[in-house]
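Close look at the chain arrangement
Spelled out, the chains give:
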Amino acid sequence: MNDISESYRRFLEGDDSGLTEIIRECRDGLILYINLYVGNVHTAEELAEDTFVKLFIKKPKDKGGSSFRTWLYTIGRNTAIDYLRKNRSRNTVSSEELSELAADEEQLESACIKEERRRTVREAMKRLNPDYYRALWLVYFEDFDMKSAAKILGRTVHATQTLVYRARLALKEELEKEGFEYENL
């Protein structure tokens with residue numbers, strides 16, 4: 001992975017190719033993460049674009065307290081939460097849009113999750129509590145450390161560690177219901 005914090009520094013200094021590198025490196029993962037909140041791939045794509053637009057227009061200074069990627073995902077999470085607050089009563093989707101969404105989501109997932117075992121685990125994860133799902137996604141699929149995941153989730157490190165521990169136990173139980181042996185995945 002390229003050093004995206006370096007790309008952002010270059011962007012702040014006037015090199016627009018730095019933002020292009022950030023988008024290329026982070027776009028798919030950010031869309032999938034935002035989709036965990038909004039449950040709609042098209043909306044997640046728009047919110048990810050909004051996140052990048054915020055970077056382009058506002059050019060906020062990275063406070064340096066965590067990795068750039070952690071900071072970007074936190075901005076994406078906040079964008080998704082703001083969207084959900086504004087659109088609580090507008091959650092209607094036509095059946096035609098629903099089939100398009102399912103096709104788009106499968107295409108995105110197949111690009112990011114290539115192994116069959118990961119797909120099985122992800123399906124089991126969908127049945128988990130949404131907080132468990134988000135924590136596992138950040139730690140195991142996006143490779144964030146506990147400190148970064150805690151910052152994105154808006155929790156303490158200890159609370160995130162506990163959440164991940166409980167999520168793993170719940171995932172193990174889900175996989176065992178399907179007849180899979182947890183240790184072999």
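No experiment lies behind these values; they were computed from the predicted model shown. (Residues numbered from 1 in each chain as written. Predicted model: local features only at pLDDT ≥ 70, side-chain atom pairs only at ≥ 80, totals over all residues. Heavy atoms only, no water.)

Some thoughts on the overall build of the chain
Operational definition: The numbering of helices and of strands both runs from the N terminus, where a helix is a DSSP run of H or I of at least 4 residues and a strand a run of E of at least 2. Exposure is judged per residue with a 1.4 Å probe applied to protein chains only, and the accessible area is read against the type maximum: over 50% gives exposed, under 20% gives buried, and values in between give partly exposed. Any two residues having at least one pair of non-hydrogen atoms within 4.5 Å are treated as being in contact. Under the convention used here, a 1.4 Å probe and the Shrake-Rupley method define accessible areas, while residue burial counts only the protein chains that appear.
On a plain count of helices and strands, the chain comes out with 9 helices and 0 strands. Along its sequence from the N terminus, the chain presents helices and strands in the succession α-α-α-α-α-α-α-α-α. Evaluated residue by residue, the chain yields a buried proportion of 39% over its 185 residues. The contacts of the chain with a sequence gap of at least 6 include a subset with a gap of at least 24, amounting to 61%. With an accessible surface of roughly 10,800 Å², the chain has 47% of that area assigned to carbon and sulfur atoms.

Description of the side chain of Thr43
Within the secondary structure, Thr43 sits in helix H3 (residues 41-58). For Thr43, the contacting residues outside a window of four places in its chain are Val38 and Tyr83.

Points about the packing of aromatic side chains
For the record, the criterion: Two rings belonging to Phe, Tyr or Trp (six-membered ring only in the last case) form a pair when the distance between their centres is within 6.5 Å. Interplanar angles under 30 degrees mark stacking, angles over 60 mark edge-to-face geometry, and anything in between is tilted.
Throughout the structure, instances matching the rule amount to 5 aromatic pairs. Note on Tyr33 and Tyr37: the rings are 5.4 Å apart at their centroids and 75° apart in plane angle, and the pair reads as edge-to-face. Of the two residues, Tyr33 and Tyr37 are both situated in helix H2 (residues 17-38); the distance of 4 residues between them amounts to about one turn of the helix. Both residues of the pair, Tyr33 and Tyr37, count as buried. Judged by centre distance (4.8 Å) and plane angle (10°), the rings of Trp137 and Phe141 are stacked.

A word on the packing of H2 against helix H7 (residues 130-141)
Any two packed helices are characterised by how steeply their axes cross, that is the angle between the axes, and by the distance between the axes. Rules: Orientation is described by axes fitted as lines to C-alpha atoms, over the contacting stretch for helices, and by angles from 0 to 180 degrees between their N-to-C directions. An angle below 35 degrees is treated as roughly parallel, one above 145 as roughly antiparallel, one from 65 to 115 as roughly perpendicular, and anything else as oblique. Asp, Glu, Lys and Arg are counted as charged, while Ala, Val, Leu, Ile, Met, Phe, Trp, Tyr, Cys and Pro are counted as nonpolar; the rest, among them Gly, fall into the polar class.
Put simply, H2 and H7 touch, their axes get as near as 10 Å, and they point 175° apart. Relative to H7, H2 is oriented roughly antiparallel. Side by side, H2 and H7 meet where Leu32, Tyr33, Leu36 and Tyr37 of the first sit next to Tyr133, Arg134, Trp137 and Leu138 of the second. When the residues that make up the contact of H2 with H7 are grouped by side-chain class, the tally is 7 nonpolar, no polar and 1 charged.

Quick look at the environment of Arg166
Following the sequence through the fold, Arg166 ends up in helix H9 (residues 157-177). Given the relative accessible area of 48%, Arg166 is considered partly exposed. Arg166 sits 34 residues away from Tyr132 along the chain, and the two C-alpha atoms are 7.6 Å apart.

Details of the side chain of Glu142
With respect to the helices and strands, Glu142 occurs in the loop between H7 and helix H8 (146-153). Under the relative-accessibility criterion, Glu142 is labelled buried at 9%.

Observations concerning the environment of Asp145
Threshold: Side-chain atoms alone can form a polar contact between residues adjacent in sequence; in general such a contact is a pair of N or O atoms within 3.5 Å, and within protein one must be able to donate a hydrogen while the other accepts it.
Checked against the element boundaries, Asp145 lands in the loop between H7 and H8. Taking the C-alpha atoms as reference points, Asp145 and Val157, separated by 12 residues in sequence, lie 9.7 Å from one another. Separated by 2.6 Å, the side chain of Asp145 and the backbone nitrogen of Ser148 make a polar contact.

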